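Below, each chain spelled out in residue letters.
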Protein chains: 2
Amino acid sequence: MNNIEFILPEEIEKRSFEIISKELGERGISLKPEQEMVIKRVIHTSADFEYAQTLTFSEGAVEKAKELLRNGADIVTDTNMGLAGINKTVLARYGGAAHCFMADKEVAELARQHRTTRAAVSMEMAAKIEKPVIFAVGNAPTALIQLYEMITAKSFRPAFIIGVPVGFVNVEAAKELILTTEVPYIVNRGRKGGSNVAAAVCNAILYELGR
Amino acid sequence: MNNIEFILPEEIEKRSFEIISKELGERGISLKPEQEMVIKRVIHTSADFEYAQTLTFSEGAVEKAKELLRNGADIVTDTNMGLAGINKTVLARYGGAAHCFMADKEVAELARQHRTTRAAVSMEMAAKIEKPVIFAVGNAPTALIQLYEMITAKSFRPAFIIGVPVGFVNVEAAKELILTTEVPYIVNRGRKGGSNVAAAVCNAILYELGR
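Residues numbered from 1 in each chain as written. Chains lettered and ligands numbered in written order. Predicted model: local features only at pLDDT ≥ 70, side-chain atom pairs only at ≥ 80, totals over all residues. Heavy atoms only, no water.

Chain A puts 45 residues into the contact, and the matching count from chain B is 45 residues. Together chain A and chain B conceal approximately 3,500 Å² of surface at their shared face, both sides included; 70% is due to carbon and sulfur atoms. Connecting chain A to chain B are 4 salt bridges. Asp48(B) is paired through a salt bridge with Lys192(A); the nearest N and O atoms lie 3.9 Å apart. (Contact = heavy atoms within 4.5 Å. Buried area = accessible area lost by both parts, 1.4 Å probe. Salt bridge = Lys/Arg side-chain N within 4 Å of Asp/Glu carboxyl O.)

Glancing now at the nonpolar core. Counting 79 residues, the largest nonpolar core has Ile43(B) and Ile186(B) as its most contacted members. Top contributing element to this core by residue count: helix α11 (residues 195-209) of chain B, with 10 residues. Apart from residues lying up to four places away in sequence, Ile43(B) is in contact with Phe168(A), Ile20(B), Leu24(B), Asp48(B), Phe49(B), Tyr51(B) and Ala52(B). By size, the runner-up hydrophobic cluster in this structure holds 43 residues, among which are Ile43(A), Ile75(A), Ala199(A) and Leu209(A). (Core = buried A, V, L, I, M, F, W, Y, C linked by side-chain atoms within 4.5 Å. Buried < 20%, exposed > 50% of the residue type's maximum accessible area, 1.4 Å probe, protein only. Helix = DSSP H or I, 4+ residues; strand = E, 2+ residues; numbered from the N terminus.)

Residues and elements named next belong to chain A. Residue placement: Asp 74 occurs in strand β2 (residues 74-77). You can call Asp 74 buried: its relative accessible area is 5%. Along the backbone, Asp 74 and Val 62 are 12 residues apart, and their C-alpha atoms lie at a distance of 16 Å. Ignoring sequence-local partners within four residues, the contact set of Asp 74 consists of Gly 95, Gly 96, Ala 97, His 99, Ile 129, Lys 131, Pro 132, Val 133 and Ile 134. Within polar-contact distance, the side chain of Asp 74 engages the backbone nitrogen of Ala 97 at 2.9 Å. A distance of 2.8 Å separates a polar atom in the side chain of Asp 74 from a polar atom in the side chain of Lys 131. (Polar contact = N/O pair within 3.5 Å; in protein donor to acceptor, adjacent residues only side chain to side chain.)

Taken as a whole, this structure holds 28 salt bridges over all chains when the rule is applied. Between Arg191(A) and Glu23(B) there is a salt bridge, and its shortest N-O distance comes to 2.5 Å. In this pair, Arg191(A) is assigned in the loop between β6 (185-188) and α11 (195-209) and Glu23(B) in helix α1 (residues 9-26), connecting two distinct chains. Among the charged side chains, a network of salt bridges with common partners joins Asp48(A), Glu50(A), Lys192(A), Asp48(B), Glu50(B) and Lys192(B).

All names here are of chain A. The strand order across the open sheet built from 6 strands is β1-β6-β5-β4-β2-β3, with neighbouring strands paired in mixed fashion. For this open sheet the edge positions go to β1 (55-57) and β3 (98-99), each flanked by a neighbour on one side alone. Where β2 lies against strand β4 (residues 133-137), 4 bridges are found, and the strand directions are parallel. Considered in β4, the bridge of Ile 75 is made with Ile 134. Across the sheet, helix α4 (residues 61-70) lies against β1, β2, β4, β5 (160-163) and β6, angled at about 120 degrees from β5, the strand it touches most. Lying on the sheet, helix α10 (residues 171-179) is in contact with β1, β5 and β6; it crosses β6 at an angle near 155 degrees. (Pairing = 2+ DSSP bridges. Axes fitted to C-alpha atoms, helices over the stretch in contact; angles between N-to-C directions.)

To continue, consider the relation of the copies chain A and chain B. Superposition record for chain A on chain B: RMSD 0.0 Å, screw rotation 180 degrees, translation along axis 0.0 Å. The superposition operator between the copies reduces to a two-fold rotation axis. The position closest to the rotation axis in chain A is occupied by the C-alpha of Met81(A), lying 2.4 Å away. Comparing interface residues between copies, 100% of those in chain A also lie at the interface in chain B; the contact surface is shared. (Least-squares fit on C-alpha atoms with pLDDT ≥ 70 in both.)

Residue and element names in this part refer to chain B. Strand order in the open sheet formed by 6 strands is β1-β6-β5-β4-β2-β3, and the pairing between neighbours is mixed. In this open sheet, the two edge strands, each paired with only one partner strand, are β1 (55-57) and β3 (98-99). Along the sheet, helix α4 (residues 61-70) makes contact with β1, β2 (74-77), β4 (133-137), β5 (160-163) and β6 (185-188), crossing β5 at roughly 120 degrees. Contacts from helix α10 (residues 171-179) reach β1, β5 and β6 within the one sheet, and its direction differs from that of β6 by about 155 degrees.

Two descriptors summarise a pair of aromatic rings, namely the distance from one centre to the other and the angle between the planes of the rings. Within the structure shown, the criterion is met by 4 aromatic pairs over all chains. With centroids separated by 5.8 Å and ring planes inclined at 75 degrees, the aromatic side chains of Phe135(A) and Phe156(A) adopt a geometry described as edge-to-face. Pair noted here: Phe135(A) is in strand β4 and Phe156(A) is in the loop between α9 (141-152) and β5, with a separation of 21 residues, a long-range link. Of the two residues examined, Phe135(A) and Phe156(A), each falls in the buried class. Ring centres of Phe168(A) and Phe49(B) lie 6.1 Å apart, and the angle between their planes is 85 degrees; on these two criteria the pair is classed as edge-to-face. Taken together, the residues Phe168(A) in the loop between β5 and α10 and Phe49(B) in the loop between α2 (33-46) and α3 (51-54) connect one chain to another. (Phe/Tyr/Trp six-rings, centres within 6.5 Å; stacked < 30°, edge-to-face > 60°.)

Geometry only, nothing functional implied.
In structure tokens, the structure reads:
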């Protein structure tokens, strides 16, 4: 089999990150040490180096997220794919749990009644969790818009927002809204993102806790 | 809120696909009618137009996959994220089920014993399913390599392969192997892909069944 390199399973991820580091260098991109493992893990999950240019961090964002997770913060995500991708074993080691309310019957019913999205209703459900919550939004701009409205109305303040929905309608504008708030964030500007990216950001931070 | 367009939830997807069609036109890209909805749904899930150039279909691939799913074929995927993303309600309507064996204890134990990946062992487990199986590989090139070895050894013939793993080590070469087989396929050449892409390809085909 041409071009297939025999490599032990445990070596594959290490080698991948070496290639990513090398190619970032070749592109003349240098990353801030604090942000490095998040950006590299998103590139690892997408094979898309554009994220090195578009991932945007509030001041000290990664340290803030690490502190939250170390103290047992929960994660709420807007898709079951994101939920499946988050490393819940590591999260639980620090006392946190991951949630996605999108498939709840109550959420669907409320969204129908209010002519809004399940994602927006899910954020309202999440706001009732009585501990710090990191929001990891990989799909629905309406989730970010709902969070923005609650923040500006001072009815709820998320502990942290990972704002990486993907798409073509309202996605870019919804991400820009989050950048105007005082809530710490990691946002991918532009259209790109996704549940896989949301999970990769969460996992990158969780894995940093063990170092 | 600047640039936020108020749009009903059910309109968002329709509008997104209109934007994708328009921008494909602006890039001078015309898609084969049979492949169009698969490529557009992958762009919808990634916001990455590169997929219009790299998604590769065997002759009549989409029709073949539709026929398989219409007749109740199962889908086996190599990640729980992919499993979460596949529309299992629509799949079940035609008699199919979706599986991911990656988290099985037996799989982990066999992978450890044989110094191979869980993905490779998962493919061997899947080969025992006694009905046609579509393999949707979004993560592990070793899953594709295992399928290739079983195909060339004539020990197993998958009904269809969706080969869209993402990554930097052996990923491109593993995809190229699948192109050399007689098994019908949809493969994304190059490094890009992912669980989200695997699920998007499955769902695009499932949704075509209802048209």
